[in-house]
Amino acid sequence: MRPARHQAAYRSLLWLYPRSFRRDFGADMRQLFGDRLRDRGRLAWLETAPDLVRTVPVQRLEATMASFSSGARVLALAVIVVGAVAVSVGFGAGAAPLLVIIAGVAGLVALLAQRGILRRAGGERAPLWPAATQAWWAPLAAILGVAMLVFAVGTVFEAHNWGGRIFGSSVMAAFGAVMLLGLMRRPFDRAAGNAMILLASTPAFPFFWLVVPTVVAIVIWIGVLASGFDEAPAPATTT
Amino acid sequence: MKEPEEFLPLPSATLHILLALGPGEKHGYAIMRDVDALSDGAVRMGPGTLYGSVKRMLADGLIEETSSRTDPELDDQRRRYYRLTGLGSKVSAAELARLEALVRRAGSAEWAQRLVPRLGEA
């Protein structure tokens, strides 16, 4: 194949990248590939093909995430997490739901930390009662949070080994605490509060056979996501 | 603005690009060749990796595009040239210091000296 054909093939493959990336760097990338082709001949593809496979999804994801608001970003990631949990539970993959939750929560935490939302998790908080009645779904979130704390205490007595007692009850207590702290933080910082509530309700999804926690978590998510993630604080006592 | 330490540890591609731009401004292909040489061929960047990193580094203020060439010999109107910013220099210095401290600490461990005898000489 003649160099011009290689160049044309590479130019076509550049369409896999998002438009904004092509606009900013497409010409440079074509030129760089041309330089590499001149120096290394068709061996240039040996490094360019894996590079395409690696970087196209990254640039696509970055462009997609950049086009969302911060709330929509959290929603998109949350949908992926819940979808993955549902699929893995649906296929009866044993411990997979737990692993997916851990990975999903870790990913969500990383995204929120990167966006600076988690940094805002601390700060002024409303008293628990007005926090638990600030929106129509908030009492359910408060009940789920308290239930997690109760479940954490119960796990200490019910778990079959010390690992279960310590790990299970600590994790459950942490999620319960994050739920209640998120509710209390939300009146002052809606994005941070909502993010904490979404995070804390994630573990309720895989317990689908108990029905109630999953339904409660779904209702909470609908309420939180419908309330939006705009930066304006929600009034502390609205219903 | 972020402090240099907040960027650490740097992704491998970012560090190599910063090091390649240390001596002065370069265009994309010159950066790619220098990274090749700097790493003894261990780090081979394709166009997507290079310009993906460049995009992030421009956004973070680690590098900037230059409009005029300091050396007219370098001038190639078709290409875009990049150079380190003050922040980019500080970040690369901080990362090198971090790596140097890491190697020094690892070198003081006996097991590491058995694996890489040169570490004990440093």
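Structural notes, computed from the coordinates. Just so you know, these numbers come straight off a predicted model, no measurement behind them.

About the cut-offs
- Residues numbered from 1 in each chain as written.
- Chains lettered and ligands numbered in written order.
- Predicted model: local features only at pLDDT ≥ 70, side-chain atom pairs only at ≥ 80, totals over all residues.
- Helix = DSSP H or I, 4+ residues; strand = E, 2+ residues; numbered from the N terminus.
- Buried ≥ 20, exposed ≤ 12 C-beta atoms within 10 Å, placed from the backbone.
- Contact = placed C-beta atoms within 7 Å.
- Arc of directions from axis to C-beta.
- Axes fitted to C-alpha atoms, helices over the stretch in contact; angles between N-to-C directions.
- Parallel < 35°, antiparallel > 145°, perpendicular 65-115°, else oblique.
- Left-handed = near helix turned anticlockwise from the far one by under 90°.

Secondary structure summary: chain B contains six helices and three strands in total. Secondary structure elements of chain B occur, N-terminal to C-terminal, as α-β-α-α-β-β-α-α-α. By the burial criterion, 30% of the 122 residues in chain B qualify as buried. Residue pairs at least 24 apart in sequence account for 53% of intrachain contacts in chain B once pairs closer than 6 positions are excluded.

What helix α2 (residues 28-38) of chain B keeps buried is the set Gly28(B), Tyr29(B), Ile31(B), Met32(B) and Val35(B). For α2(B), the arc enclosing every buried residue in end-on projection is 160°, short of the 170-degree limit, so these residues lie on one face. Residues of α2(B) that are buried in the fold lie against α2 (19-40) of chain A together with α1 (12-21), β1 (26-27) and α3 (47-60) of chain B. Following α2(B) by one or two positions, Asp40(B) has its phi on the positive side, about 55°.

All names here are of chain A. Between helix α7 (residues 138-158) and helix α10 (residues 212-227), the least distance of the axes is 9 Å, while the angle of their chain directions is 135°. With respect to α10, the element α7 is oriented oblique. For the crossing formed where α7 meets α10, the hand is left-handed. Of the residues in α10, those touching α7 at Leu 140, Ala 141 and Leu 144 are Pro 213, Val 216, Ala 217, Val 219 and Ile 220.

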